Amino acid sequence: MAAQGVLWVLLGLLLRLEPGTATLPLVMDSVIQALAELEQKAPATEASHTASAWLLTAQDSGPHDALHHFLLEGRRLKAMELDPPPLSPELRGLAKEVARHGVRDGQEHGVVLAPDGSTVAVQPLLAGLEAGLQGRRAVSLPLESTATPPDARGPSPAAGGSVPDVRVPSPGCRDASADVTSTDARAAFPNARAADLGITATSPDVRPGSPDVPASSPGAKAESPTIVDSLLVVTLAKDLGLTFLQGPQTQSHPGLGSEGCWDQLSAPRAFTLLDPQASPLTTAFLNGALDGALLGDYLSRASEPRPPLSRLLSQYYGAGVAGDPGFRSNFRRQNGGALISVPTLTQQVWGALILLQRLEPAHPQLQGLSPEQLVQVATHASTEFTEAFLGCPAIHPRCRWGAAPYQGRPTPLQLPLGFLYVHHTYVPAPPCTAFEHCARNMRSMQRFHQDTRGWGDIGYSFVVGSDGYVYEGRGWHWVGAHTRGHNSRGFGVAFVGNYTAELPTETALRTVRDVLPRCAVRAGLLRPSYRLLGHRQLVPTTCPGDALFDLLRTWPRFDANVKPRTARRASRRGPPAMILPATDLQ
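Under the annotation held in an unreviewed UniProt entry, the chain carries the name N-acetylmuramoyl-L-alanine amidase and is attributed to Equus przewalskii. The heading Sequence similarities (unreviewed entry) in the UniProt record of the chain holds the text "Belongs to the N-acetylmuramoyl-L-alanine amidase 2 family."

Here you go:
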C-alpha cells in the first residue's frame, strides 16, 4: 500500500500552496523530482502512495468531479488526515501549475515536456496512476439517477457500487496476467454480459486493440453497459465522450490531437497550441491519458511492494519500464492500440456517459439524451480516436526540433498527391534513437540544405527516426526539394541513416509502409490509389540504399513499372548523390 500515500501527500501540499511561488521548468523531470522528494520524506509505509494527492488537488481545489468521486474515492485516504512533509518552494509551485489541465486563449495549461520530445498532460497521467494503485476494478453503474454521489466509504442503495478487488482483463493488455481470464471475470460477475466486461473474441490473425477492428458488425444492436473499468474511464473515456458531444458526428472533431510549441525547449514555461480552435483533447492530453492508462494497468498487476512512482516514471520516460525498451513513452500509441480496442473503448465511453448522466441528472451536456444518442456519440468518439490518433504516427512539429524559418516563400501543394518517395539520409549515417539526437540531425540537415544548397528549407516532407517518432520537414502542404522533377507530385519521406547494407527498425519501416500513408489517405492528403517509389527510380542516385530498396520492392504499394535510373549518370554533374546528404534531391 506504499504508492498511494505520496499522491495523497501532494493533495495536502497543493491545498496549502501560496500564490507567486517560484517554480521549475515545465518538464517531466521536474514532476519526477517532486515525487522523489515526497517519497524520500514520507513514511516508508506510505512512500509509494504519493502520486494520488497531486491529482486529487486537481479535483478537490476545483469543481467537484462526481464521476471521479464515485469511481476512485471509495478506498482512498482523506487528504486532511495526512500531515504532508515539507516540499521545496520550487516543487510546490510546479505542483500547483500542473495540477489541472485546461485550454484557454490558445494556451494549454497543466502540461510538461517529456525527454522524448512529447508534451504530456499531468492530470490524466496521475489519474491513471491513482486508479492503477487501487487495482484494476470493474465498477457497477448506478441502477437509477442520483444527484448526490454515493458515500465514498460504501455504495448507496441507488448504486451498484464498486467491486474493490476484482481486476478485469482488457483485450490486448500487454503482458496480461496469466491467471486472469475472461472466465475469471465472468465468474466474478455472473450477471454481467461479456461486452460489459470489455471481453471480445479475437483470432490469431487479428491483433487485439487494432484500429482496424470494427466496433460492431453492421446492423448489430449494442447492449447498454452495466459495468465500467475505472482506469479507462478516469483517464480517457469520460473526456472523450464529453468532447464529442460538442462536435459534429460526421467528421473528425476539429481539435482532436492538436499539437503546439513551447516558448523554449531548454527551460519551457508556456505552451501555445498550433490550432487556436483546439478542443481539450489535445495531443498532450491524449499522451497523458494513454500514459496514465498504460502505467495504471501495469501498477494494477504489479505485486506488492509496488515500485516507487518516481522510479516508474523515470523508466517509462527513459529507457523503458523494467528494462523493456518497448514499454516507454516513445511507443505509447502502439502500446495503447494493444490495450484499447474500438469495441472496448466504445463500451467504456458509453458507460462513462451513462454514469455521469445518472450521477448528475442536470448535467448540461447530457440532459435529455437517449441511450441511442449516447451510444452513437461513444461509437463515433472511439472510432475517431483509434483511427485518427492511435492509428496515426506521432509527428514532432517543426518547432519541437528547433527548425529555422523558411527562406523565401513556400509553394503550396495541390492535394491530394499520388506518390510517396522513399529516401535515406546517408549522412547522418547512424540511426537516431533519441529525441535530442534526432532533433540535432534535423537541424544539421536543414542548415546544409539552406546554407550549402541554397534551398528555402530542409528538402524532405517528413523524416523518420529510430526513436518512434516522425519529424515534420516541409510537411503536408508545401512543395519539397526531395525528388528532382517530381517534388509537386509526391511526398518525400526519409529514414535517418545509411541503409546500403542494413535496414531501419521494424517500427520505422511500418510507419512508412503502413501507418503514415494510411493516415494521409484518411485525411485526404494522399490518393487512395497512391504508389510508392524509391528515390533511385526517378533520379540517378543510389538512394535509398541497396538493402532498403530491395525491401521496398516487396511492399504492396511499390511501383515496379518504374525502373531505377543508374547512378552513373550523376557523374556528369559531379559526385554521386550518396557522397553528401541530399546532394541529388532537388
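Asks: Let's hear about the state of the cysteines: which residues, and what values?
Replies: Throughout the structure, instances matching the rule amount to three disulfides. What pairs with C392 in a disulfide is C519, and their sulfur atoms sit 2.0 Å apart. Between C392 and C519, the S-S torsion sits near -115°, and that sign places the bridge as left-handed. Taken as a pair, C392 in the loop between α13 (371-390) and β10 (395-396) and C519 in helix α16 (residues 506-522) lie far apart in primary sequence, 127 residues in all.

Asks: Could you give an account of the pattern of salt bridges, with specific residues and numbers?
Replies: When the charged atoms of two side chains lie near each other, side chains of opposite charge can form a pair. Scanning the entire structure with this criterion turns up twelve salt bridges. The partner of E506 in a salt bridge is R513, and the shortest N-O contact between them spans 3.7 Å. A relative accessible area of 24% places R513 in the partly exposed class. Taken together, the shared-partner salt bridges connect E384, E387 and R522 into one network.

Asks: Could you give me a rundown of the pairing of strand β14 (residues 490-495), with the residues and numbers involved?
Replies: Within β14, six of the six residues are buried, which leaves the element mostly enclosed by the surrounding structure. Where strand β12 (residues 462-464) meets β14, three bridges bridge the pair, whose relative direction is parallel. Bridge pairing in β14 links V464 to F495.

Asks: Lay out the packing of aromatic side chains with the relevant residues and their values.
Replies: Applying the stated criterion to the full structure yields eleven aromatic pairs. Taken together, a centroid distance of 5.0 Å and an interplanar angle of 90° make the contact between W476 and F491 edge-to-face. Of the two residues, W476 sits in the loop between β13 (470-472) and β14 while F491 sits in strand β14, which places them 15 residues apart along the sequence. Look at W476 and you get buried, because its relative accessible area is 19%. Classification of F491 as buried rests on a relative accessible area of 1%.

Asks: I'd like to hear about the packing of helix α8 (residues 230-246) against α13, residue by residue, with values.
Replies: Running from N to C, α8 and α13 cross one another at 110°; their axes reach a closest spacing of 9 Å. The orientation of α8 relative to α13 falls into the category roughly perpendicular. Where α8 abuts α13, its residues L236, L240, G241, F244 and L245 lie against V377, H380, A381, S382, E384 and F385. Within the contact of α8 with α13, the residues separate by chemical class into seven nonpolar, three polar and one charged.

Asks: Which residues make up the side chain of S118, and what values go with them?
Replies: Within the secondary structure layout, S118 lies in the loop between β3 (111-113) and β4 (119-121). A distance of 2.6 Å separates polar atoms of two side chains, one belonging to S118 and the other to D116. Those residues in contact with S118 that sit more than four places away from it in its chain are V112, L113, N287, R332, H396, R400 and Y469.

Asks: Go over the pairing of strand β11 (residues 417-424), please, and point to the residues and values.
Replies: Among the eight residues that make up β11, eight are buried, leaving the element largely enclosed by the rest of the structure. By the bridge criterion, five bridges tie β11 to strand β15 (residues 526-534) in an arrangement that is parallel. Bridging across to β15, L420 finds its partner in L532. Alignment of β11 against β14, held across six bridges, turns out to be parallel. Directly across from H423, in β14, lies its bridge partner A494.

Asks: Quick rundown of the sheet that holds β11? Include the residues and the values.
Replies: Across the sheet, six strands lie side by side as β10-β13-β12-β14-β11-β15; this open sheet has mixed pairing. Unpaired on one side and paired on the other, β10 and β15 mark the two borders of the sheet. Where α16 meets the sheet, it contacts β10, β11, β12, β13, β14 and β15, and its direction lies at approximately 150° from that of β15.

Asks: How would you explain the confidence of the model for the chain if you had to name every residue and give the values?
Replies: Low-confidence regions, as indicated by low pLDDT, have predicted coordinates that should not be scrutinised in detail. Of the residues in the chain, 71% reach a pLDDT of 70 or more, and the chain-wide mean stands at 79. The model gives residues 11-22 a pLDDT under 50, and that stretch makes 37 contacts with residues more than four places away or in other chains. Throughout residues 77-82 the model reports pLDDT below 50, and contacts reaching past four residues in sequence, or to other chains, amount to ten contacts.

Asks: Lay out the environment of R527 with the relevant residues and their values.
Replies: Summarising the element assignment, R527 is placed in strand β15. Here R527 falls in the partly exposed class, since its relative accessible area comes to 40%. Here the alpha-carbon distance between R527 and L417, two residues 110 residues apart in the chain, equals 5.9 Å. Ignoring anything within four residues of it in the chain, the contact list for R527 reads P416, L417, G418 and V521.

Asks: With reference to specific residues and values, describe the packing of helix α2 (residues 28-41) against helix α10 (residues 309-316).
Replies: Viewed as axis vectors pointing N to C, α2 and α10 meet at an angle of 155°, and their least axial separation amounts to 8 Å. Here α10 runs roughly antiparallel to α2, going by the angle between their axes. The hand of the α2/α10 crossing is left-handed. Across from I32, L35, A36 and E39 in α2, the residues of α10 making contact are L309, S310, L313 and S314.

How each quantity is defined
- Residue positions are counted from 1 within each chain, in the order its sequence is given.
- Residue-level local features of this predicted model are given only where pLDDT is at least 70; pairs of side-chain atoms are given and counted only at 80 or more, and the full residue set underlies all totals for whole chains, interfaces and linings.
- Excluding hydrogens and water, the side-chain values take into account all heavy atoms of the structure.
- UniProt positions are given in the numbering used here, feature names are shortened, and annotations may be inferred rather than shown by experiment.
- Cysteine sulfur atoms are paired as a disulfide whenever they come within 2.5 Å of each other.
- Helix and strand definitions follow DSSP, with helices as H or I runs of at least four residues and strands as E runs of at least two, each counted in order from the N terminus.
- In what follows, salt bridge is the name for a side-chain nitrogen of Lys or Arg lying within 4 Å of a carboxyl oxygen of Asp or Glu.
- Under the scheme applied here, a residue whose accessible area is under 20% of the maximum for its type counts as buried, over 50% as exposed, and between as partly exposed, the area being computed with a 1.4 Å probe on protein chains only.
- Strand pairing is defined by DSSP finding a minimum of two bridges between the two strands.
- Two rings from Phe, Tyr or Trp (for Trp, the six-membered ring) form a pair when their centres are within 6.5 Å of each other. A pair whose planes differ by under 30 degrees is stacked, one over 60 is edge-to-face, and the rest are tilted.
- Only the contacting stretch of a helix is used when fitting its axis, a line to C-alpha atoms as for every element, and angles between N-to-C directions run 0 to 180 degrees.
- Convention used here: angles under 35 degrees read as roughly parallel, angles over 145 as roughly antiparallel, angles from 65 to 115 as roughly perpendicular, and any remaining angle as oblique.
- Residue contacts are counted whenever heavy atoms from the two residues lie within 4.5 Å of one another.
- The classification used treats Ala, Val, Leu, Ile, Met, Phe, Trp, Tyr, Cys and Pro as nonpolar, Asp, Glu, Lys and Arg as charged, and all other residues, Gly among them, as polar.
- As used in this structure description, the phrase polar contact means that two N or O atoms lie within 3.5 Å; if the pair is within protein, one of them must be able to donate a hydrogen and the other to accept it, and residues adjacent in sequence are counted only when both atoms belong to side chains.
- Every residue is assigned a pLDDT by the predictor, reflecting its confidence on a scale from 0 to 100.
- What makes a crossing left-handed is the near helix being turned counterclockwise from the far one by less than a right angle; a clockwise turn instead makes it right-handed.

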